[in-house]
Amino acid sequence: AQALEGLEQKAEAVAAYIAAGEVCDKAKKADKAQTMFDKAENMVGVAWGDKDWGTVMAMAASFLESRESANVNYYLSDAYLAEGDQDKALMHADKAIEAAAAGEGDKYVMQKAEILEAKGDNAGAVALYKQITDSKYVERAKYKIDQLGS
């Protein structure tokens, strides 16, 4: 996995980290497995932070072939939105919401609301903005509600 990463074969490196994690899981080394899965997820996050949408899409597809992750779906949703594919962005926003741990979904709900807004579904966006309770997002959600009308 590290060799592939060093060769800039990022999607292949993500797949290799996932495979290494699965081997560790089978060997009952849960901590090491989680480290491998986290490394794979972090690689997608770094590409997302760099707004390298093609790399995000390739690495996320590789990751999601064998594992689910709210964050990876979030990154992929953003990539699709940036590339103009609102339907795929919405699909992955929904998957992110489904995969989110209890009480940690507001980031993903906010993203879905923004996609609905981009698609022209202001009523749907407002309904989602009204669900936001996390202090990180609530002010922005209130602003959006004011802008779009309740």
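Each remark here, short or long, concerns the structure printed above.
A brief structural summary. Since the structure is predicted, the reported quantities are computational estimates derived from the model, not experimental observations. (Residues numbered from 1 in each chain as written. Predicted model: local features only at pLDDT ≥ 70, side-chain atom pairs only at ≥ 80, totals over all residues. Heavy atoms only, no water.)

The end-to-end C-alpha distance of helix 3 (residues 30–49), which contains 20 residues, comes to 28 Å, matching closely the 28 Å that a straight helix rising 1.5 Å per residue would cover. The complete set of buried residues in helix 3 reads Ala33, Met36, Phe37, Ala40, Met43, Val44, Gly45 and Ala47. Contact partners of the buried residues in helix 3: helix 1 (2–6), helix 2 (10–26), helix 4 (53–64) and helix 5 (70–82). Looking one or two residues beyond helix 3, the residue adopting positive phi is lysine 51, at roughly 55°. (Helix = DSSP H or I, 4+ residues; strand = E, 2+ residues; numbered from the N terminus. Expected span 1.5 Å × (residues − 1). Buried < 20%, exposed > 50% of the residue type's maximum accessible area, 1.4 Å probe, protein only. Contact = heavy atoms within 4.5 Å.)

The subject of this paragraph is the pattern of salt bridges. On inspection of all chains with the given rule, the structure shows four salt bridges. We note a salt bridge from lysine 112 to aspartate 94, for which the minimum N-O separation is 2.7 Å. With lysine 112 in helix 7 (residues 106–118) and aspartate 94 in helix 6 (residues 86–99), this pair connects stretches of sequence that are 18 residues apart. Linking arginine 140 and glutamate 114 is a salt bridge whose minimum nitrogen-to-oxygen distance equals 2.5 Å. Of the two residues, arginine 140 is situated in helix 9 (residues 135–148) and glutamate 114 in helix 7; the sequence distance between them amounts to 26 residues. Relative accessible area serves as the criterion here: at 27%, glutamate 114 is assigned to the partly exposed category. (Salt bridge = Lys/Arg side-chain N within 4 Å of Asp/Glu carboxyl O.)

The topology assignment puts aspartate 106 in helix 7. Buried and without a salt bridge, aspartate 106 has lysine 136 as its closest oppositely charged side chain, separated by 10 Å. In this structure the side chain of aspartate 106 is engaged in a polar contact, spanning 2.7 Å, whose partner is the backbone nitrogen of threonine 133. The contact partners of aspartate 106, leaving out residues within four places of it in the chain, are Gln131, Ile132, Thr133, Asp134 and Tyr137. (Lys, Arg positive; Asp, Glu negative; His and termini not counted. Polar contact = N/O pair within 3.5 Å; in protein donor to acceptor, adjacent residues only side chain to side chain.)

A few words on unusual backbone geometry. With phi around 60°, lysine 28 is a residue other than glycine that occupies positive phi space. The residue lysine 51 is not glycine, and still its phi comes out positive at about 55°. Assignment of secondary structure puts lysine 51 in the loop between helix 3 and helix 4.

Looking now at the environment of valine 109. Looking at the secondary structure, you find valine 109 in helix 7. Given the relative accessible area of 9%, valine 109 is considered buried. Once the C-alpha coordinates of valine 109 and alanine 82 are considered, the two residues, 27 residues apart in sequence, prove to be 18 Å apart. Look past the residues within four positions of valine 109 in its chain and what remains in contact with it is Ile97, Leu128, Gln131 and Ile132.

From the geometry alone we can't say anything about function, so treat these as descriptive.
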